[in-house]
Amino acid sequence: MAAHGREVGVFMGWWERLCYSLGIKLSPDKQAFAKEYLDDAGWFLFSQMSLLDQRHSLRVARYIVRKAAFQRGIADLKELVQAALLHDAGKIKGEILWLYRLPVRLVRDLLPRGQKRWAVRDKSRSFRYALYVDLVHATRGAYMAKSLGLSPKVVSLIKRHHDPRPNFYEPELALLQEANSRN
Ligand SMILES: [Fe+2]
Ligand SMILES: [Fe+2]
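This is a predicted model, so every value here is computed, not measured.

## Examining the overall build of the protein
The helix and strand tally for the protein stands at 10 helices and 0 strands. In sequence order, the secondary structure elements of the protein are arranged as α-α-α-α-α-α-α-α-α-α. Counting every position in the protein, which comprises 183 residues, the buried fraction comes to 41%. In the protein, 65% of the contacts between residues at least 6 apart in sequence involve partners at least 24 apart.

## Comments concerning a nonpolar patch on the surface
Taken together, the side chains of Leu102, Leu106, Leu110, Leu111 and Trp118 present a nonpolar region at the surface, about 520 Å² in accessible area. When residues in the nonpolar patch are grouped by element, the largest group, 3 residues, is from helix H6 (residues 101-110). Within the secondary structure, Trp118 is located in helix H7 (residues 112-118). A residue is classified by how much of its surface remains accessible, and Trp118, at 34% relative accessible area, is partly exposed.

## Focus on the coordination of the iron ion (ligand 1)
Protein ligation of the iron ion (ligand 1) involves Asp88 (OD), His137 (NE2), His161 (NE2) and His162 (NE2), the donor distances falling in the range 2.1 to 2.3 Å. Each of the 4 donor atoms bound to the iron ion (ligand 1) contributes to angles spanning 87 to 179°, and the resulting shape is irregular. The sequence pattern formed by the donor residues of the iron ion (ligand 1) is D-x48-H-x23-H-H. Separating the iron ion (ligand 1) and the iron ion (ligand 2) is a distance of 3.7 Å, and Asp88 donates to both of them. Placement of His137 in helix H8 (residues 126-147) and of His162 in the loop between helix H9 (152-159) and helix H10 (171-182) is noted, with a sequence separation of 25 residues between them. According to the relative accessible area criterion, His137 is buried, its value standing at 1%.

## Re helix H5 (residues 77-86)
Counting buried positions over the 10 residues of H5 gives 7, a clear majority of the element. Residues of H5 that are buried sit in contact with helix H2 (28-37), helix H3 (40-47), helix H4 (51-68), H9 and H10. Between the side-chain oxygen of the N-cap and the backbone nitrogen of Lys78 there are 3.0 Å, and the N-cap of H5 in question is Asp76.

## Section: the confidence of the model for the protein
Across the protein, the average pLDDT comes to 91, with 88% of residues at 70 or higher. Highest mean pLDDT in the protein belongs to H9 (98); lowest belongs to helix H1 (residues 2-22) (66).

## Details of the coordination of the iron ion (ligand 2)
Distances from the iron ion (ligand 2) to its protein donors, His56 (NE2), His87 (NE2), Asp88 (OD) and Asn180 (OD1), fall within 2.2 Å. Each of the 4 donor atoms around the iron ion (ligand 2) contributes to a set of angles spanning 81 to 173°, which defines the coordination as irregular. Expressed as a motif, the donor residue spacing for the iron ion (ligand 2) is H-x30-H-D-x91-N. Judged by its relative accessible area of 0%, His87 falls in the buried class. Its relative accessible area of 3% is what places Asp88 among the buried residues.

Reading guide: rules and limits
Residues numbered from 1 in each chain as written. Chains lettered and ligands numbered in written order. Predicted model: local features only at pLDDT ≥ 70, side-chain atom pairs only at ≥ 80, totals over all residues. Heavy atoms only, no water. Helix = DSSP H or I, 4+ residues; strand = E, 2+ residues; numbered from the N terminus. Buried < 20%, exposed > 50% of the residue type's maximum accessible area, 1.4 Å probe, protein only. Contact = heavy atoms within 4.5 Å. Patch = residues over 30% accessible without salt bridge, like charges linked within 9 Å, V, L, I, M, F, W, Y side chains within 5 Å. Areas by Shrake-Rupley, 256 points an atom, 1.4 Å probe, with all protein chains shown as cover. Salt bridge = Lys/Arg side-chain N within 4 Å of Asp/Glu carboxyl O. Donors = N, O, S within 2.8 Å, 3.2 Å for Na, K, Ca; no water. Tetrahedral: all angles 85-135°; square planar, octahedral: opposite > 155°, others 65-115°. Polar contact = N/O pair within 3.5 Å; in protein donor to acceptor, adjacent residues only side chain to side chain. pLDDT = per-residue confidence, 0-100.

Set out below in C-alpha cells:
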C-alpha cells in the first residue's frame, strides 16, 4: 500500500513538472511571486483568470518591479504590483476563446466605435460576447476587486488601465499602462 502511495506521489510530481514545462500550469516561483503581493481575495481574483492572462499579468507586474526603482512618484509599489497582477481580472477564464484574442485586440485598437456597436452580453454569440468582455473588463475587474475588499487605489488603477492618458501626470497609472502595452 505504501509502495503504491509512493508511485502515485512520483507520478504526480512528474505530471506537475510536465504541466510546468508545457505551460499548462504556473510554475511554483511564478505562483510564489503573485502570492507575495496578493492576499487571499487577490489570489482568488488572480486564479479565476485564464493562464494566458495570468502570464501576461505576471509580466506586467515584473516589468513594474524592475522599472519602479528608477521612477519618481511611486507612492506604494505593493499596491501598484497588486493592480498589475489584477488589472485584467475582469476577463474570466473561458470567456474569450484564445483564437479570438488577436481579432478582439485588433477591433479594440483599430475600430473602437465598432467594438461598442458589435459587443453583446450574450454568451451564445461567442465573438460578440468576447468583444463585450473586452469592452467592460476594466470596469468589471474594478467592481470585483472592490467587492472583495481590495484597496481604493488598486480598484482605481484597475478601472482606468485602458483610459486615455489623463490630463495630469499620474506616475502609477502611467507605469501600469506602459507595462501593459509592452507585455
Ligand atoms: Fe486590460
Ligand atoms: Fe493587460
